[in-house]
Amino acid sequence: MTTLYGLKNCDTCRKATKWLDRFGIAHEFVDYRDHKPTPETLVEWAGKLGGFAAMVNKSSTTWRQLPDNRKAPASDAEWKLLLREYPQLIRRPVVVTADGEVSQGFSDNGFKKRFGM
């Protein structure tokens, strides 16, 4: 089964969910404000997505409002702490399929390619 991680009030997450519904792809949605990813999950995602910095939406309001000293974590431990404290910083949605593949973001063509349509 496919799991979509994001925020329930995120337009992009809603579009991704509707796309999966339209194409009949079984999925569950996990709001990561309510169910914060574990540190181990964050490490796994970072490993598959190109590192912690690649996971972060740096154009978000939350990122812009962070103090400058929080925007340059020096270690994986600091990244995990930051993303657990502010899960809304993670680019949305994070898509995890049953085969363990992880991707971020939504576009119609990207999902067609991702799901072999």
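Okay, so let's go over this structure. Just so it is clear, the structure is predicted and the values come from calculations on it, not from any experiment.

Observations regarding the environment of Leu-42
Point 1. You can see Leu-42 is positioned in helix α2 (residues 39-49).
Point 2. A relative accessible area of 0% places Leu-42 in the buried class.
Point 3. Each C-alpha atom of the pair Leu-42 and Leu-83 lies 8.1 Å from the other, and the pair is 41 residues apart in sequence.
Point 4. Not counting residues up to four positions away in its chain, the partners in contact with Leu-42 are Pro-37, Phe-52, Met-55, Lys-80, Leu-83, Arg-84 and Ile-90.

Quick notes on helix α5 (residues 76-85)
Point 1. Within the sequence span of α5, burial applies to Trp-79, Leu-82 and Leu-83. Along the axis of α5, the buried positions cluster into a sector of 90 degrees, meaning they face one direction only. Pointing more than 90 degrees away from the buried face of α5 are the exposed residues Ala-77 and Leu-81.
Point 2. In this structure, the buried residues of α5 make contact with α2, α3 (52-55) and α4 (61-65).

Examining the state of the cysteines
Point 1. According to the stated counting rule, one finds zero disulfides in the structure shown.
Point 2. For Cys-10, which is in no disulfide, the shortest distance to another cysteine sulfur is to Cys-13 and amounts to 3.6 Å.
Point 3. We classify Cys-10 as buried; its relative accessible area is 8%.

Some points on the sheet that holds strand β4 (residues 102-104)
Point 1. Spatial ordering of the open sheet is given by β2-β1-β3-β4, a layout of four strands whose pairing is mixed. Pairing within the sheet leaves two strands with one partner each, and these edge strands are β2 (27-31) and β4. Each strand axis lies, on average, 20 degrees off the axis of its neighbour in the sheet, ignoring direction.
Point 2. Sheet topology places strand β1 (residues 2-6) next to strand β3 (residues 94-96); three bridges connect them, and they run antiparallel. Residue pairing for β3: Tyr-5 is matched across the bridge by Val-94.
Point 3. Of the strands in this sheet, β1, β3 and β4 touch α2, which is tilted by about 75 degrees from β4.

What counts as what
- Residues numbered from 1 in each chain as written.
- Predicted model: local features only at pLDDT ≥ 70, side-chain atom pairs only at ≥ 80, totals over all residues.
- Heavy atoms only, no water.
- Helix = DSSP H or I, 4+ residues; strand = E, 2+ residues; numbered from the N terminus.
- Buried < 20%, exposed > 50% of the residue type's maximum accessible area, 1.4 Å probe, protein only.
- Contact = heavy atoms within 4.5 Å.
- Arc of directions from axis to C-beta.
- Disulfide = S-S within 2.5 Å.
- Pairing = 2+ DSSP bridges.
- Axes fitted to C-alpha atoms, helices over the stretch in contact; angles between N-to-C directions.

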